[in-house]
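Each chain is listed here by its residues.
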Amino acid sequence: MPILQAINSPADLKRVPRQRLPVLAEEIREQIISVTATNGGHLASNLGVVELTLALHYLLETPMDKIVWDTSNQAYTHKLLTGRREEFPTLRQYGGLSGFCKREESVFDTFNAGHAGTGVSAAVGMAVARDLEEQGHKVVCVVGDGAMTSGMTLEAMEHAGGLHKDLVIILNDNQMSISKNVGSLSAYLNRTFTGEFVTRVRAETGHLLRSIPGIGGQIGKMAHRAEELAKGLILPGLLFEELGFRYVGPIDGHNFEHLLPTLENVLKLKGPTLLHVITKKGLGYEPAMNDPVWFHACPAFDRETGRPVKKGTIPSYTTVAVKTLCRLAREDRRIVAITAAMCEGTGLSAFEKEFPDRFHDVGIAEQHALTFAAGLATQGARPVVAMYSTFLQRAFDQVVHDVATQNLPVTICVDRGGLVAEDGTTHHGAFDFAYLRQVPNMVVMAPKDENELQHMIRTCLSHNGPAAVRYSRGSGWGVDLEPSPTVLPIGRGELLREGCDVALVAIGITVVPALRAAERLAEEDISVAVINARFVKPLDHALIGRVASQVKCQVTVEEGCRMGGFGSAVLESLSDQGIINLPTKVIGLPDHYIEQGPQDILRVQYGLTADGIYEEAKALLATATMGVEEHR
Ligand SMILES: Cc1ncc(C[n+]2csc(CCOP(=O)(O)OP(=O)(O)O)c2C)c(N)n1
């Protein structure tokens with residue numbers, strides 16, 4: 001019987017003899033590969049931490065001892081070992097296990113995550129709370145070399161180093177963020193194990209001096225110091241030690257002979273310790289080892305070939321956005337593109353290929369990305385930051401304080417706006433309309449289809465101030481793309497249908513379903529006006545006001561949070577115009593975190609489909625006309 005079959009908790013794991021752990025690791029790899037082949041997921045990162053996770057649960061007393069997984073995209077082995085083995089095939093599915101850590105899911109999940117760089121902060125908080133309560137458990141945080149470059153991690157390291165709490169940070173160094181890790185810290189880490197010089201100093205000096213009888217111990221210490229000095233030139237130890245951490249490593253993160261004794265010792269140490277572990281993304285599955293970037297977060301794939309099962313033919317919004325950007329950049333040398341560690345996801349890899357000198361991957365540093373863009377803009381450049389909506393949340397203050405306050409011409413391509421599917425709660429782009437529209441000087445737009453997206457990219461770049469264009473994850477509607485992108489008038493919507501019963505006022509991805517709903521309503525002799533608002537800010541007050549004064553009720557539709565979003569903007573506008581008694585239904589995302597699931601299922605659930613809009617409009621019209629009749 002497979003060993004994994006008998007493991008329902010870390011207590012079961014502890015009964016496995018040490019020499020059997022490599023076999024168990026292979027069984028776990030098999031399970032992870034087969035489930036991600038069907039469901040998609042963060043395959044490469046997870047295959048890289050199988051041994052490390054086994055070693056941690058083997059030695060720690062979880063859940064009393066706390067393991068914090070930074071980002072938590074690498075927690076599949078942890079899930080398999082902590083009572084979720086049977087549910088594991090539901091990973092990332094609607095109603096199934098989350099692809100990330102969730103406290104609601106298990107007591108072994110100590111902190112919810114999905115965004116990178118939060119782990120060390122959370123772990124420091126847990127260590128401080130432990131000491132306040134005079135408890136003695138261990139706190140361990142596993143953080144990737146990509147997340148180590150994020151501002152939050154560095155802030156937390158600095159704090160932790162000064163606090164001197166017992167805390168172990170495990171730097172899981174696979175030299176990769178999603179793509180190749182970038183920046184000087186990453187280069188610094190990289191030199192650790194490629195530094196032949198250090199290896200030589202270690203081996204030769206230490207061995208030679210320690211072998212001299214009588215003085216070996218003393219001189220051994222001196223040799224160690226000399227080695228430390230040499231390390232200072234090229235090893236990361238010094239950097240972490242200066243931050244207040246004891247540095248241990250680097251060690252091979254796939255070798256239990258190294259992992260178990262080192263971890264055993266490290267867990268006994270007092271004060272903040274950083275254990276540097278070297279791992280390989282995708283280990284055990286050749287296609288993932290060969291292409292860890294694609295397998296970082298892959299859709300369902302064929303196990304034999306490693307190729308995706310489904311391949312769409314309609315271009316995604318992302319592809320259209322970047323194609324347009326490249327096209328405009330050929331004519332305008334001022335355009336500079338910026339990503340925060342999402343080169344592939346945002347499609348900017350195509351831009352990098354064509355304009356390597358005008359492309360910047362700043363690492364997992366969203367805040368820096370925005371202020372860097374602001375700096376560029378002060379000098380006449382036309383920076384474009386392409387960022388997922390959910391990650392832009394982290395740079396809200398930079399939008400407010402650095403970009404918008406100076407009215408700088410920074411374009412923000414807000415990718416993955418709205419529902420993003422399997423990544424779930426932490427990744428839905430639910431809040432962007434609401435948080436961007438409140439910022440003075442911001443222009444915020446969302447296209448009804450991919451053709452309009454190309455016009456909007458051009459519109460942003462020709463606007464002399466900050467502008468955001470927000471688009472969805474996935475393919476467009478398959479509409480024809482006009483030969484060249486044009487500049488749209490800022491703050492002007494588009495009236496797609498005239499009508500006098502109901503107005504459907506929609507934005508972005510909801511415009512097409514609103515049109516389809518209108519067609520169905522029209523078949524029932526209901527006269528429907530449809531507005532494609534195009535701009536969340538500035539709103540087309542005149543168009544919205546005029547249509548509102550001609551209908552009996554209106555429905556606003558957005559794939560974003562209702563609170564403070566597009567529908568709120570419409571209501572504020574009508575109130576300002578003195579139109580205060582028009583029955584209105586605001587369709588959008590409710591005031592709770594949205595679960596994971598395919599976009600089509602979630603859209604049905606939240607009434608964002610043609611059917612959903614049709615039902616709401618019909619019901620609202622019925623009550624609105626009933627109200628009028630009663631009033632008469
Ligand atoms: C704030 C934030 N920005 C971007 C991302 C997207 N993202 C998910 S994992 C990842 C790379 C993480 O690299 P690393 O920390 O080295 O972990 P690995 O997956 O390589 O183990 C990135 C950029 C994110 N989750 N959070």
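Residues numbered from 1 in each chain as written. Predicted model: local features only at pLDDT ≥ 70, side-chain atom pairs only at ≥ 80, totals over all residues. Heavy atoms only, no water.

Draft legend 1. Expanded view of the packing of helix α23 (residues 541–548) against helix α24 (residues 566–576). Direction vectors running N to C along α23 and α24 enclose 75°, while the axes themselves pass 10 Å from each other. Classified by the angle their axes make, α23 and α24 are roughly perpendicular. Counted together, H541, I544, G545 and A548 of α23 and V570, S573 and L574 of α24 form the full contact between these two elements. Broken down by class, the residue content of the contact of α23 with α24 amounts to four nonpolar, three polar and no charged. (Axes fitted to C-alpha atoms, helices over the stretch in contact; angles between N-to-C directions. Helix = DSSP H or I, 4+ residues; strand = E, 2+ residues; numbered from the N terminus. Parallel < 35°, antiparallel > 145°, perpendicular 65-115°, else oblique. Contact = heavy atoms within 4.5 Å. Nonpolar A, V, L, I, M, F, W, Y, C, P; charged D, E, K, R; others polar.)

Draft legend 2. Expanded view of the packing of aromatic side chains. Scanning the entire structure with this criterion turns up ten aromatic pairs. Seen from their ring centres, Y76 and F88 are 5.9 Å apart, and the 70° between their planes marks the pair as edge-to-face. Note that Y76 is positioned in helix α5 (residues 76–81) and F88 in the loop between α5 and α6 (119–132), a separation of twelve residues in sequence. Take Y76 and F88: they sit in the same class, and that class is buried. Aromatic side chains Y285 and F301 sit 5.7 Å apart centroid to centroid with 40° between the ring planes, which places their arrangement in the tilted category. Of this pair, Y285 sits in the loop between β5 (272–278) and α14 (286–290) while F301 sits in the loop between α14 and α15 (317–331), placing them 16 residues apart in sequence. This pair shows no difference in class: Y285 is buried, exactly as F301 is. (Phe/Tyr/Trp six-rings, centres within 6.5 Å; stacked < 30°, edge-to-face > 60°. Buried < 20%, exposed > 50% of the residue type's maximum accessible area, 1.4 Å probe, protein only.)

Draft legend 3. Representation of helix α2 (residues 21–39) within the structure. With 19 residues, α2 extends 27 Å from end C-alpha to end C-alpha; this agrees with the ideal 27 Å at 1.5 Å per step. Looking at α2, one finds that the buried residues are L21, L24, A25, E27, I28, R29, I32, I33, V35, T36, A37 and N39. Of the surrounding elements, those touching the buried residues of α2 are α1 (10–14), α3 (43–48), α4 (50–59), α5 and α13 (256–266). The positive-phi residue at the C-terminal boundary of α2 is G40, with phi of around 75°. (Expected span 1.5 Å × (residues − 1).)

Draft legend 4. Representation of the layout of surface pockets in the model. Estimated volume of the second largest pocket: approximately 340 Å³. Forming the boundary of the second largest pocket are 23 residues, of which A113, H115, T425, T426 and Y593 lie nearest the centre. (1 Å grid on protein atoms, 1.4 Å probe; cavity = no way out; pocket = protein on both sides within 12 Å on 5 of 7 lines; lining within 4 Å. Points joined across faces, edges and corners; volume = space filled by probe spheres on them.)

Draft legend 5. Highlighting the sheet that holds β5. With parallel pairing, five strands are arranged side by side in an open sheet as β1-β2-β3-β5-β4. What marks the edges here is a single partner per strand, and that holds for β1 (66–69) and β4 (246–252). Taking each pair of neighbouring strands and ignoring which way they run, the sheet shows an average axis angle of 20°. Pairing of β4 with β5 involves five bridges; the strand directions are parallel. Each bridged residue has a counterpart across the sheet, and for D252 the counterpart in β5 is I278. Strands in contact with α13 are β3 (167–173), β4 and β5; relative to β4, the strand with the most contacts, it is inclined by about 170°. (Pairing = 2+ DSSP bridges.)

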